[in-house]
Amino acid sequence: MSEGWGNELLRLGLWLIGGLIVGAVFGHALWGLLLSSLVYLGQLLYHLKRIVRWLSKGAVGAPPNVGGIAEYIGEQVYQRQRRNLKRRRRLAGMVSSFRDSMANIPDGLVLLNEQRKISWFNNAAREYLGLKYPADIDQRIDNLVRQPVFTDYILSADHTRTIEVHSPMSSASHQEMRVLPFGDTQQLLIVRDASLLHRLQKIRSDFVINASHELRTPLTVMRGYMEIVEDDENLPEDLQRPLKQVARQVARMDRLVNDLLELASLEREDARLNETLVDIPALIKGLMQEAYALSSDNKHEFVLRIDQNLALLADKKAVLSAMSNLVFNAIHYTPAKGKITVSWGIHGDQACFLVEDNGPGIAEQHLSRLSERFYRVDVSRSRDSGGTGLGLSIVRHVMVSHGGELDIESELGVGSRFTCCFPGTRVRQLTG
Ligand code: ADP
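Notes on the structure follow.

### A short note on the site of the ligand
- Around the ligand, a shell composed of 18 residues is seen, among which Asn-329, Tyr-333, Ser-382, Gly-389 and Leu-392 lie nearest.
- Within the side chain of Tyr-333, one N or O atom sits 2.8 Å away from an oxygen atom of the ligand.
- In the environment of the ligand, an oxygen atom lies 2.8 Å from a nitrogen or oxygen atom belonging to the backbone of Gly-389.
- Starting from 520 Å² of accessible surface for the ligand in isolation, the protein chains cover 96%.
- By residue number, the principal contributor to the shell around the ligand is helix H10 (residues 316-333), which donates three residues.

### What about the sheet that holds strand E12 (residues 415-422)?
- Pairing is mixed across the open sheet formed by five strands, whose spatial order is E7-E9-E10-E12-E11. Looking at which strands have only one partner, the edges of the open sheet turn out to be strand E7 (301-306) and strand E11 (405-411). Between one strand axis and the next, the sheet turns through 10 degrees on average, direction left out of account.
- The strands touched by H10 are E7, strand E9 (339-347), strand E10 (350-357) and E12; relative to E10, the strand with the most contacts, the crossing angle is about 20 degrees.
- Its contacts with the sheet place helix H13 (residues 391-401) against E11 and E12, and it is angled at close to 140 degrees to E11.

### Some thoughts on unusual backbone geometry
- Residue Pro-134 follows Tyr-133 across a cis peptide bond; omega there is 0 degrees.
- Counting through the fold element by element, Pro-134 comes out in the loop between helix H4 (123-129) and helix H5 (141-144).
- Positive phi is not limited to glycine here, since Lys-299 has a value of about 45 degrees.
- Take Lys-299: it is sitting in the loop between helix H9 (280-295) and E7.
- With a relative accessible area of 57%, Lys-299 lands in the exposed category.
- A positive phi is found at Lys-337, a non-glycine position, where the angle reads about 70 degrees.
- Mapped onto the secondary structure, Lys-337 falls in the loop between H10 and E9.
- Take Lys-337: its relative accessible area is 67%, and that puts it in the exposed class.

Thresholds, definitions, all that
- Every chain is numbered independently, its residues counted from 1 as its sequence is written.
- The predicted origin of the model limits local features to residues at a pLDDT of at least 70 and limits the giving and counting of side-chain atom pairs to 80 or more, whereas totals for whole chains, interfaces and linings rest on all residues.
- To get the side-chain values, take all heavy atoms of the structure and skip hydrogens and water.
- To be near a molecule or strand, a residue needs just one of its heavy atoms within 4 Å of it.
- Under this definition, polar contacts are N or O atom pairs within 3.5 Å; protein pairs additionally need one hydrogen-donor-capable and one acceptor-capable atom, and for neighbouring residues in sequence, both atoms have to be side-chain atoms.
- To measure how exposed things are, a 1.4 Å probe is used in the Shrake-Rupley method; for residues, cover is taken only from the protein chains shown.
- Under the scheme used here, helices are H or I runs from DSSP no shorter than 4 residues and strands are E runs no shorter than 2 residues, and both carry numbers assigned from the N terminus.
- When DSSP finds two or more bridges between two strands, those strands count as paired.
- Note on geometry: axes are lines fitted to C-alpha atoms, helical ones only across the stretch in contact, with angles between N-to-C directions running from 0 to 180 degrees.
- Contacts are residue-level and defined by heavy atoms, with any inter-residue pair within 4.5 Å sufficient.
- Note on classification: 1.4 Å probe, protein chains only; a residue is buried when its accessible area is under 20% of the maximum for its type, exposed when over 50%, partly exposed between these limits.

Here's what the structure looks like:
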């Protein structure tokens, strides 16, 4: 039994015995008992009233010194209150030191509420995005960072990727942005300076472009001489084979230089897509003429499933390059008489180009790396087929630059399926 109850029962006992004795002295023991019970009850109610008043004033300071169970209740509340206060102070201290560290993190951090309005931002975010405190609190972030790439990203439901934008403060610098879920409904926008990475990428792509251009002239000269020499009927027989090999290698280097140039220009951040309405069915028709010629002796079975009305707002040259890389790969890697299916149609709200073959297939461990530059499953086979190892890398870049995706599925011994899906916003219907 608690001390409060003990005191209270003692007090009740004293009142009852006192009342009984005094009542007995006057010859009315029961009346004495009743009277003392009433006095005790009145006193208890009065004590409880003082405690209730103390509670209703916020239980500040020690409870009234009324003794018994009423004081015991007050004491319990008071101690709990003090413990809570200590805990709140500790938590407030933690929150404030957490905020201080967040405020000084070198990455820009912006906390957004459900309506994408700014609830809080740190010092780096002021610097990166030019945010002003307190004017920009409660402003929608897409009203302050006005760049189409950013607006599309922040309004979309998919924030798994990172985007790069020009800094709103200086168009010469670049920033990397990522949105993470924060709590139940909030989002945390993280902004990083990506200028150094960009400069390095530009140096690399400038180097590749310059080197490729430098290689082009000697290659053109070599190719010209090779054609003259190859056509020479008086060429000694023992030179014919090596010269044919040299011609094949020159053609391979030529393809390599072209692919390197194409990839480097697709990667350039200042590369603009030359967007037009592209009649994809007509493009595929032209591409298939080349495909039939390339397949010729191998007699592949081609199946075409083309939506004849489906066009695309896209860069025609880039899209043709992506599509031909996939179709030519299928021809190169599928054995003679194999089946190659080329499809173009709507899948969900996207327009997808599919190339399927029943060739050798690719083991699962290679699939995620297949679109890396120069990644080949079988190097000698790729070289024999005239491959540069850059084809799928080009396809992926074309898809990324169009806001689409390349998906690769394959099973050893069964075949492969390469799917390029373009976003619904690019899809157009051909009329007439
Ligand atoms: P390459 O010029 O070597 O063909 P790609 O980037 O186009 O380079 O392809 C990368 C690798 O993917 C190829 O070396 C090959 O191993 C594999 N590959 C591509 N397409 C197919 C296909 N249809 N069937 C089997 N393997 C393929």
